[in-house]
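# Structure at a glance
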Amino acid sequence: MTEALRMGFLQRISKTKQVGNKAVEKELKQLYEQRSRVREELENTIKNYNYVTEEGLMDYYIYKIRSQQVLEEYLIKEIRKIEATYKTA
């Protein structure tokens, strides 16, 4: 996610704090759902990698696994950041 998108996301979260807890909960729910989808895709990618024998496809799956891991880590950090902000608000 680019910095501009990230800042837009954080601005939406700060606005939602003014609107009420429901909006923050909705954002968190969306993040949790996205993380769940990424996790499921990651597990499927790992399963597919285990059956690949061609070197080119192995490289593809290694790259895909790593990119999904990075995305999942990012989503976890964002969830924690919002939860920390939500608890202190």
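In what follows, the structure referred to is the one given above.
I will try to describe carefully the structure that is included in this document. (Residues numbered from 1 in each chain as written. Predicted model: local features only at pLDDT ≥ 70, side-chain atom pairs only at ≥ 80, totals over all residues. Heavy atoms only, no water.)

### A few points about the overall build of the chain
Helix and strand content of the chain: 3 helices and 0 strands. When its helices and strands are written in sequence order, the chain yields α-α-α. Residues classed as buried in the chain amount to 22% of the 89 residues present. Considering only intrachain contacts with a sequence separation of at least 6, the fraction spanning at least 24 residues in the chain is 64%. As presented, the chain carries roughly 6800 Å² of accessible surface, and 53% of it is formed by carbon and sulfur atoms. (Helix = DSSP H or I, 4+ residues; strand = E, 2+ residues; numbered from the N terminus. Buried < 20%, exposed > 50% of the residue type's maximum accessible area, 1.4 Å probe, protein only. Contact = heavy atoms within 4.5 Å. Areas by Shrake-Rupley, 256 points an atom, 1.4 Å probe, with all protein chains shown as cover.)

### Some points on the nonpolar core
Within the largest apolar cluster, 7 residues are counted, these being V24, L28, L31, V38, L75, I79 and I82. Contributing elements (two or more residues each) for this core: α2 (21-49) and α3 (55-88). In terms of residue count, α2 provides more of this core than any other element does, 4 residues in total. (Core = buried A, V, L, I, M, F, W, Y, C linked by side-chain atoms within 4.5 Å.)

### Some remarks on the pattern of salt bridges
Taken as a whole and judged by the stated rule, the model has 5 salt bridges. Between E72 and R35 there is a salt bridge, and its shortest N-O distance comes to 3.1 Å. Linking E72 in helix α3 with R35 in helix α2, this pair joins segments that are 37 residues apart in sequence. Given the relative accessible area of 8%, E72 is considered buried. A salt bridge links R39 to E43; its shortest N-O distance comes to 4.0 Å. Highlighted residues: R39 and E43, both in helix α2, separated by 4 residues, approximately one helical turn. (Salt bridge = Lys/Arg side-chain N within 4 Å of Asp/Glu carboxyl O.)

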